[in-house]
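As a plain string of letters, each chain reads:
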Amino acid sequence: MSQLTQSPAWRALLDHARSWSDRGLRDLFAQDAARAETYSAEAAGLFLDYSKQRIDPRTLELLMALVDQQQLQSWIARMFSGALINATERRAALHIALRAPREAQIFVEGVNVVPQVHAVLDRMSAFADAVRSGLWTGDTGSRITDIVNIGIGGSDLGPRMVCEALAPFASGPRAHFVANVDGSQISATLRHLKPASTLFIIASKTFTTQETMANARTARHWLTSHLGETSVAQHFVAVSTNADAVREFGIAPANMFEFWDWVGGRYSLWSAVGLPILLTFGPLMFRELLAGAQAMDQHFSSAPPVQNLPVLLGALAVWNNNFLEAGSQVIAPYAQRLERFVNWAQQLEMESNGKSVDRDGHPVDYATTPALWGDVGTNAQHAFFQMLHQGAATHAVDFVLPIAADHDHPEQQRLLIANCLAQSAALMLGKDAGAVRAELQAKGFSGDALDSAIPHRVFRGNRPSNTLLLPRLDAYHLGALLALYEHRTFVQSVLWNINAFDQWGVELGKQLAQSVLCAMDQPSSAELDGSTRSLLSRMQP
Ligand code: F6P
């Protein structure tokens, strides 16, 4: 048994959870007219309604006791002060420094990192302005019309998601993203581009990631076969922590935008990894994004836990996952522009908290991150919502809804809002057999036909969800939303006593890919398992 599951706060929550087996949200709303108001909180322009969670005042009290017991406040303070909280890599986790104001002071091993952050931000801004204004041209003097970000994981998902989410505000070159080592993605991208007006950003923290380097070499070959070797200087820039590898690839240090080992890949869109955002929308909009995130950082580090959005979201996620045994965490943004938000949140949460040992290396005897998945509403309603409503397992859902539309179709915005609110209400209320019976009788059903139809139409209800409202989907509120989810991930890791900032689990696959590659060249020398050997032999000519 781990210390955590033996701890007083954990055991009290387990006991309390038993009392929830026969309690329904519908009744709680009926008994308490102020429930929606009680279970809501606001920060950085975002409004959270968590009244449809299966909680009561006692639940909240016990969750806050767990927050206390796990010393969350002290972990937050340690994170914000640059302590080496990523212990397995002896690194700080300081994405908050990337959005700190110029005058702030945040020290990592005695060095104030804020001036470095702003120096790179200033260089990125100057470069973006030069490209956007036409001052920086391609090798032949052509204006840059297209940028291609080559990166994967955190070096792709963040900037790609922001570029999609803010698309109506685009005012610079078109942004393209190539991540997959499957060559069909880069060939489809390059097919429509002109070398003379294309700028490549090679984004890789390590600058060794196999997929990114393969795509970068393909892009380099494409460019130089049209414009010659010397054109690389005007058409390639790099975003990395690895200056040597960047130089070796042939990109001059002047064209490299640096970031630091205390920025985790999945937390890096605020760093130089955000360069495509500056190029597409301009430096001012990037600063708006940072300002929204910073407002959420301030809230996270100062608001009392029970009014603190990331703390509430994190604690509720643990309640659902570990005590009410929710099957998974679904995110349903009711905003087409947030389609990629789910992928970004997936890496954020599952790469951070997909762990099975605690900070001290002991195996855990409790569930850590649930599977996180989802899609935009209303599309999701016509795909997987059937399971959310009537599946045997319960899943926790986050509804995310920007209120103001970015288009001239107010009737469609009304439909979108109505659907979002209706889905969370339906998950919570359900429909019992009595209501189904009355409805069917009104439609003329009777006898066996009526009795046999009822069970299929009953909804158990009582399925938990959060609803998060944004006034509109602009850079500031998007920044706040993303920082909220980053901090929620951290809160969960503290409550589970795991390190959210390493990712050793992706290493084994990378190593084995190298072995398989060797085996493809020299099949006889390879030490492969039987299945891999057999699959490979079927593919040999
Ligand atoms: O393989 C996982 C991972 O290490 C992620 O954590 C990271 O975001 C991604 O690969 C890309 O890494 P890099 O930026 O070093 O190319």
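Residues numbered from 1 in each chain as written. Predicted model: local features only at pLDDT ≥ 70, side-chain atom pairs only at ≥ 80, totals over all residues. Heavy atoms only, no water.

Draft legend 1. Here's a closer look at the overall build of the protein. Per the secondary structure count, the protein includes 23 helices and 13 strands. By the compact-globule yardstick of 24 Å for 541 residues, the protein fits well, its C-alpha radius of gyration being 25 Å. Seen through its C-alpha atoms, the protein measures out along the principal axes to roughly 80 × 60 × 55 Å. In the protein, which comprises 541 residues, the share counted as buried stands at 53%. A separation threshold of at least 6 residues defines the contact pool for the protein, and within that pool the share at least 24 residues apart is 74%. (Helix = DSSP H or I, 4+ residues; strand = E, 2+ residues; numbered from the N terminus. Rg over C-alpha atoms; globule rule 2.2 N^0.38 Å. Buried < 20%, exposed > 50% of the residue type's maximum accessible area, 1.4 Å probe, protein only. Contact = heavy atoms within 4.5 Å.)

Draft legend 2. Highlighting the site of the ligand. Of all residues adjacent to the ligand, which total 14 residues, the nearest are S155, S204, T206, T209 and E351. In this structure, S155 approaches the ligand through a side-chain N or O atom, which is 2.7 Å from an oxygen atom. Burial of the ligand by the surrounding chains reaches 87%, relative to a free accessible area of 390 Å². (Near = heavy atom within 4 Å. Polar contact = N/O pair within 3.5 Å; in protein donor to acceptor, adjacent residues only side chain to side chain. Areas by Shrake-Rupley, 256 points an atom, 1.4 Å probe, with all protein chains shown as cover.)

Draft legend 3. Structural view of the sheet that holds strand β10 (residues 329-333). Here we have six strands laid out as an open sheet, ordered β1-β2-β13-β12-β10-β11, and mixed in their pairing. With partners counted over all chains shown, the strands left at the sheet margins are β1 (40-43) and β11 (372-374), one partner each. Neighbour to neighbour, the strand axes of the sheet diverge by 20° on average, direction disregarded. Of the strand pairs in this sheet, β1 and strand β2 (residues 46-49) are connected by four bridges, and their pairing is antiparallel. Its bridge partner lying in β2, A41 is registered against L48. Packing of helix α18 (residues 410-429) onto the sheet brings it into contact with β12 (396-402) and β13 (465-470), and relative to β12 it is tilted by some 160°. (Pairing = 2+ DSSP bridges. Axes fitted to C-alpha atoms, helices over the stretch in contact; angles between N-to-C directions.)

Draft legend 4. Structural view of the domain arrangement of the protein. By domain assignment, the protein separates into domain 1 (34-69 + 303-496), domain 2 (95-287) and domain 3 (507-539). In this structure, domain 2 and domain 3 have C-alpha centres spaced 34 Å apart. (Domains from an automatic or database assignment.)

Draft legend 5. Geometry of unusual backbone geometry. Residue G377 is joined to T378 through a cis peptide bond whose omega torsion reads 15°. The topology assignment puts T378 in the loop between β11 and α17 (385-390). Positive phi outside glycine occurs at A44, with the angle close to 50°. For A44, the position within the fold is in the loop between β1 and β2. The exposure class assigned to A44 is buried, which follows from its relative accessible area of 18%. A positive phi angle is found at Q71, which is not glycine, with a value near 55°.

Draft legend 6. Just the pattern of salt bridges, in detail. Taken as a whole and assessed by the stated rule, the structure comprises 24 salt bridges. Close ionic contact of R91 with D261 constitutes a salt bridge, the shortest N to O distance being 3.9 Å. Pair noted here: R91 is in the loop between α6 (72-80) and β3 (107-108) and D261 is in the loop between β9 (256-258) and α13 (275-281), with a separation of 170 residues, a long-range link. Residue class for R91 comes out partly exposed when judged on its relative accessible area of 24%. Between D122 and R287 there is a salt bridge, and its shortest N-O distance comes to 3.4 Å. (Salt bridge = Lys/Arg side-chain N within 4 Å of Asp/Glu carboxyl O.)

Draft legend 7. Structural detail: the nonpolar core. Counting residues in hydrophobic clusters, the biggest one holds 128 residues, and the most contacted among them are W262, F341, W344, L478, L481 and Y485. No other element matches helix α21 (residues 475-496), which puts 13 residues into this core. The residue makeup of this core includes at least three contributed by each of domain 1 (34-69 + 303-496) and domain 2 (95-287). By size, the runner-up hydrophobic cluster in this structure holds 22 residues, among which are V178, L193, V246 and F249. (Core = buried A, V, L, I, M, F, W, Y, C linked by side-chain atoms within 4.5 Å.)

Draft legend 8. Just α18, in detail. The end-to-end C-alpha distance of α18 is 28 Å, a good match for the 28 Å that 20 residues give at a rise of 1.5 Å each. Turning to α18, its buried residues number three or more, namely Q413, L416, C420, Q423, S424, L427 and M428. For α18, the angular spread of buried residues about the axis comes to 135°, placing them on one side. Opposite the packed face of α18, turned more than 90 degrees from it, sit the exposed residues P410 and R414. On the buried face of α18, the contacting elements are α3 (25-31), α17, β12 and β13. Following α18 by one or two positions, G430 has its phi on the positive side, about 65°. (Expected span 1.5 Å × (residues − 1). Arc of directions from axis to C-beta.)

Draft legend 9. Quick peek at the side chain of T59. Examined against the element boundaries, T59 turns out to sit in helix α5 (residues 57-69). Judged by relative accessible area, which is 0%, T59 ranks as buried. Within the structure, the side chain of T59 is placed 2.7 Å from the side chain of D56, a separation counted as a polar contact. What T59 contacts, discounting residues up to four positions off in sequence, is L13, H16, W20, R54 and W319.

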